[in-house]
Amino acid sequence: RAIELDARYAGAYTDRGIARSMLGDLKGGMADFDRAVELEPRSPLYRMNRAIGREKAGDVKGAIEDLEKTLELAPKEWPRRPGVEFTLERLRKGK
């Protein structure tokens, strides 16, 4: 409903993308994550969510790219930074 009210609200797309992905609709989830990043390209949270979706969809290269950009955009004190760094290292090592 939030998207119906404001089609430019990136948070609604990322929330719906998470829900779709959890329900097994990776294609729909990725479309929503892409839209959220398109609307707010400087948001580390939306990039991180898309990276998670990309990894689940088997796009490790894309996930790494999004995680690298996430760290570039995120403030040093961002609480999610350690988890992003850990995941990035894991993906780089192929695990």
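Novice: So what about the packing of helix α2 (residues 10-22) against helix α3 (residues 26-39)? Which residues, and what values?
Specialist: Between α2 and α3, the shortest axis-to-axis distance is 8 Å and the interhelical angle comes to 160°. Considered as vectors, α2 and α3 are oriented roughly antiparallel to each other. Seen from above, α2 lies across α3 with left-handed handedness. Where α2 approaches α3, its residues A10, Y13, T14, R16, G17, I18, R20 and S21 are matched on the opposing element by L26, G28, G29, D32, F33, R35, A36 and L39. Tallied by class, the residues present in the contact of α2 with α3 amount to seven nonpolar, five polar and four charged.

Novice: Describe in detail the nonpolar core, supporting the description with residues and values.
Specialist: M48, A51, A63, I64, L67, L71, A74, W78, V84, L88 and L91 form the largest nonpolar core, which has eleven residues in total. Within the residue set of this core, elements represented by two or more residues are α4 (44-56), α5 (60-73) and α6 (81-92). Looking at this core, the element that brings in the most residues is α5, giving four residues. Among residues more than four places away in sequence, those in contact with L91 are E55, V60, A63, I64 and L67.

Novice: Pulling in residues and values, what's your account of the environment of E85?
Specialist: Tracing the backbone shows E85 in helix α6. On the basis of relative accessibility, which here comes to 37%, the residue E85 falls in the partly exposed class. Residues E85 and E55, spaced 30 residues apart in sequence, show a C-alpha to C-alpha distance of 15 Å.

Novice: Can you explain α4? Please cite residues and give values.
Specialist: When the terminal C-alpha atoms of α4 are compared, their 18 Å separation across 13 residues agrees well with the 18 Å that a helix rising 1.5 Å per residue should span. Among all positions of α4, only P44, Y46, R47, M48, N49, R50, A51, G53 and R54 are buried. In this fold, the buried residues of α4 make contact with α2, α3, α5 and α6. Phi turns positive, to about 90°, at G58, one or two residues after α4.

Novice: Outline the pattern of salt bridges, supporting the account with residue identities and numerical values.
Specialist: Under the counting rule described, the total for this entry stands at 15 salt bridges. The closest approach of N and O atoms between R50 and D66, which form a salt bridge, is 2.7 Å. On the criterion of sequence distance, the pair formed by R50 in helix α4 and D66 in helix α5 is long-range, its members being 16 residues apart. Measuring nitrogen to oxygen at the nearest pair gives 3.8 Å for the salt bridge that ties D59 to R54. Given a relative accessible area of 17%, R54 falls into the buried group.

What counts, and where the lines are drawn
- Residues numbered from 1 in each chain as written.
- Predicted model: local features only at pLDDT ≥ 70, side-chain atom pairs only at ≥ 80, totals over all residues.
- Heavy atoms only, no water.
- Axes fitted to C-alpha atoms, helices over the stretch in contact; angles between N-to-C directions.
- Helix = DSSP H or I, 4+ residues; strand = E, 2+ residues; numbered from the N terminus.
- Parallel < 35°, antiparallel > 145°, perpendicular 65-115°, else oblique.
- Left-handed = near helix turned anticlockwise from the far one by under 90°.
- Contact = heavy atoms within 4.5 Å.
- Nonpolar A, V, L, I, M, F, W, Y, C, P; charged D, E, K, R; others polar.
- Core = buried A, V, L, I, M, F, W, Y, C linked by side-chain atoms within 4.5 Å.
- Buried < 20%, exposed > 50% of the residue type's maximum accessible area, 1.4 Å probe, protein only.
- Expected span 1.5 Å × (residues − 1).
- Salt bridge = Lys/Arg side-chain N within 4 Å of Asp/Glu carboxyl O.

Bear in mind that shape data such as this cannot, by itself, settle questions of function.
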